[in-house]
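# Architecture and fold: a report
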Amino acid sequence: MISFQNVTVKYPYGNLALNDATFEIADNEFIYLVGPSGAGKTTILRLLLREIMPASGRVIVDNEEISNPKYHDLTTLRQKIGIVFQDFRVLHDKNVYENVALSMRVKGYAASEIKNQVVEALELTGISEKIFMFPAQLSAGELQRVAIARAVVGDRSIILADEPTGNLDPKTTWDVMKIFKKFEKNKTIIFATHNTDIVNSMKRRVIVVKNGAVVKDQRKGGYEL
Amino acid sequence: MKDIITSLRRTPYQTSAAFLVLFFTLLLSGILFISLSFIQGLLSYVETRPRIIVYFQIKAEGAEIRAVQKKLEATGKTEKIEYVSKKEAYNIYKEFTKDDPVLLEMTSPDILPASLEIDAKSPEYLPVLADFLKDQPGVDEVEFQKDIVQNLLNLTRNIRRAILVFFAYLLIMSIIVMATTTSFKTALKKEDIALQRLLGATNLYIRQPFIAESVFLGLFASICANVSLAIILFSLNSFLSVFLAGLPDLTISVMNMSLQVWPFNLMFLLTTFGITTLFGLFISLVASLAATNRYL
């Protein structure tokens, strides 16, 4: 369970990045976080990763108030979360297997368990035949599949996807969305996007953010600003 | 291991700089340790041989000297007392000046003093015995090793200070070079580190490859330094054996254990290698921890 309670984030010069945002996300829920660039979508994701702290309000993840300055279990928090970025952020000197395995290695999994889960994730994301290739040998769509595989292995219960289809062509975008669909049953997925087509065709809960404020929160909504 | 070697190969100049500095530091540290141990062993040897030589006036009679000897024995502070008569002194002098007949011709047993060579039970008895002897009848001069020990102590103290300053310099220089090299590598991996942190990696996990690489370099440099040290010692051993002929076995005390430092032996070499290796590991660890600390 994720809960934002009257969360406000200020930029260093006083502008509001997020203004009194309040919403809750249940376990294993898929939500779209939509809004124009600069609306505050990434700020919400960064708050969940505790990369930034709110000026006021509370951010709660699995009953732990991570916005509390005394919260020190950052490693445990981040080990629950898988992340998918628009720019993939894969390690260029590691092959596909090593990139995905990294997500489990940081959690101290045994080599045999890593192998099982990585191979399974690569099969689910449809990139298992390129397991020993390096990022420079992969297309953008393939890199995003690697990033998704990395986000889902290692029993991470929350996936934060920040514009994951932003750099992809329409066909690849749909392939990637199908992969997300495979994992939505047992993961909480927060999918930040401004891709109207995706939101409108794959109906899920939509939280609309505009100028730092949550302006709409709809079950099975569409992309409306 | 493969990752470590790949990483070292990818930054050849930084790796070479770190290796050479570490190698030089460890080789010098080994040489300094051996030198200091040798001097300490020499000092210990001199200290364990507390000896006084008391020269009697030319006119002093044998009976007078024997009486002094008895009084000395009665103090209970002496280990051994040896009487050297005028004749024996002349024989020693003859042996000493056998290559210079002119000197020998100018001397006769009558002008050489008889003496007592006294081994004290402990160095601290030397001044007491010396003061006692100065008051005895027929005594001309009392010589004991206080000055020699004092000079050697001063020398050892100064050498130890100089070595400590030099050690500190080497240590700081090595740590700075190693830390700079590791910092450079850490900076190159800034994005990787940021990603690992987002994935929930612990600080130890992130540091591990940098520490492993540094420790590998430290171990490799210490192996090279130890091999070089062994080659230097084996090459010098025959020369030193001739040069220091007559020098008895020298030992130092390390943690209540006696360690022979001369003639060179396997145990002393292994101890030196161990210390050098530990020093190398210490430098690598401190440098890598300091360098990675900046990014965590």
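Conventions and cut-offs
Residues numbered from 1 in each chain as written. Chains lettered and ligands numbered in written order. Predicted model: local features only at pLDDT ≥ 70, side-chain atom pairs only at ≥ 80, totals over all residues. pLDDT = per-residue confidence, 0-100. Pairing = 2+ DSSP bridges. Helix = DSSP H or I, 4+ residues; strand = E, 2+ residues; numbered from the N terminus. Contact = placed C-beta atoms within 7 Å. Axes fitted to C-alpha atoms, helices over the stretch in contact; angles between N-to-C directions. Domains from an automatic or database assignment. Parallel < 35°, antiparallel > 145°, perpendicular 65-115°, else oblique. Left-handed = near helix turned anticlockwise from the far one by under 90°. Nonpolar A, V, L, I, M, F, W, Y, C, P; charged D, E, K, R; others polar. Core = buried A, V, L, I, M, F, W, Y, C linked by C-beta atoms within 7 Å. Buried ≥ 20, exposed ≤ 12 C-beta atoms within 10 Å, placed from the backbone.

### Here's the deal with the confidence of the model for chain B
In this model, chain B carries a mean pLDDT of 86, and residues with pLDDT of at least 70 account for 98%. Both scores are given for the predicted complex: the pTM is 0.72, the ipTM 0.88.

### Brief notes about the sheet that holds strand β1 (residues 2–10) of chain A
All names here are of chain A. On the basis of which strands lie adjacent, the open sheet formed by four strands has the order β2-β1-β4-β5 and antiparallel pairing. Edge strands, defined here as strands with exactly one partner in the open sheet, are β2 (16–25) and β5 (64–65). Strand direction decides the pairing type here: β1 and strand β4 (residues 56–61), joined by five bridges, are antiparallel. Each residue of the ladder has a partner; that of F4, found in β4, is V59. Strand contacts of helix α1 (residues 41–48): β1, β2 and β4, with the helix running at about 115° to β1, the strand carrying the most contacts.

### Focus: the domain arrangement of chain B
Looking at chain B, the domain boundaries give domain 1 (2–47 + 149–293) and domain 2 (51–144). For domain 1 of chain B and domain 2 of chain B, the distance between their C-alpha centres works out to 50 Å.

### Looking at the packing of helix α3 (residues 96–105) of chain A against helix α5 (residues 140–152) of chain A
Think of two packed helices as two axes; the pair is described by the angle between the axes and how far apart they sit. Residues and elements named next belong to chain A. One way to put it is that α3 packs onto α5 with a least axis distance of 7 Å and a crossing angle of 30°. By the angle class used here, α3 and α5 are roughly parallel. By crossing handedness, the relation of α3 to α5 is classed as right-handed. On α5, the residues touching V96, N99, V100, L102 and S103 of α3 are V146, A149 and R150.

### Brief notes about the interface of chain B and chain A
Across the contact, nine residues belong to chain B and eleven residues belong to chain A. Examining the composition of the side of chain B that touches chain A, we find that four residues originate from one element, helix α8 (residues 190–198) of chain B, more than from any other. Residue composition of the side of chain B that touches chain A, by class: five nonpolar, three polar and one charged.

### Looking at the pairing of strand β5 (residues 250–254) of chain B
Residues and elements named next belong to chain B. Across five bridges, the pairing between β5 and strand β6 (residues 257–262) is antiparallel. Bridged to L250 within β6 is W262. Turn length for the β5-β6 hairpin, with the two strands adjacent in sequence and antiparallel, is two residues, and the turn residue M255 shows positive phi of about 50°.

### Regarding the packing of helix α1 (residues 2–10) of chain B against helix α9 (residues 203–243) of chain B
All names here are of chain B. Between α1 and α9, the least distance of the axes is 10 Å, while the angle of their chain directions is 75°. Looking at the two axes, α1 sits roughly perpendicular to α9. Residue-level contacts link D3, I4, S7 and L8 of α1 to P209, A212, E213 and F216 of α9. When its residues are assigned to classes, the contact of α1 with α9 shows five nonpolar, one polar and two charged.

### Some points on the environment of N203 of chain B
Along the chain, N203 of chain B falls in helix α9. Considered as a pair, N203 of chain B and Y295 of chain B are 92 residues apart in the sequence and their alpha carbons are 9.7 Å apart.

### Some remarks on the sheet that holds strand β1 (residues 51–56) of chain B
All names here are of chain B. Spatially, β2-β3-β1-β4 is the arrangement adopted by the four strands of the open sheet, whose pairing is antiparallel. Of all strands in the sheet, those bounded by a partner on one side alone are β2 (78–84) and β4 (139–144). Direction aside, neighbouring strands of the sheet carry axes that sit 15° apart on average. The pairing of β2 with strand β3 (residues 115–120) spans six bridges and is classified as antiparallel. Among the inter-strand pairings, E82 is bridged to a residue of β3, identified as E117. Helix α3 (residues 62–75) contacts β1, β2 and β3 of the sheet and is inclined by roughly 175° relative to β2. Helix α6 (residues 126–134) contacts β1, β3 and β4 of the sheet and is inclined by roughly 170° relative to β4.

### A closer look at the nonpolar core
By size, the foremost hydrophobic cluster in this structure holds 69 residues, and its most contacted members are L33, V100 and I190 of chain A. Of the residues forming this core, the biggest block, seven residues, is contributed by α5 of chain A. Every residue in contact with I190 of chain A, bar those within four places of it in the chain, is listed here: I25, I31, L33, L45, L160 and A161 of chain A. In this structure, F23, L26, I175 and F210 of chain B belong to the second largest nonpolar core, which totals 19 residues.

### Here we look at the pairing of β3 of chain B
Strand direction decides the pairing type here: β1 of chain B and β3 of chain B, joined by five bridges, are antiparallel. By the bridge assignment, V54 of chain B is partnered in β3 of chain B with L116 of chain B.

### Topic: the environment of V215 of chain B
All names here are of chain B. Looking at the secondary structure, you find V215 in helix α9. Overall, the presence of 17 C-beta atoms within 10 Å leaves V215 in the partly exposed class. Through-space distance from the C-alpha of V215 to that of L285 is 6.5 Å; in sequence the pair is 70 residues apart. In contact with V215, other than residues within four places in its own chain, are L281, S284 and L285.

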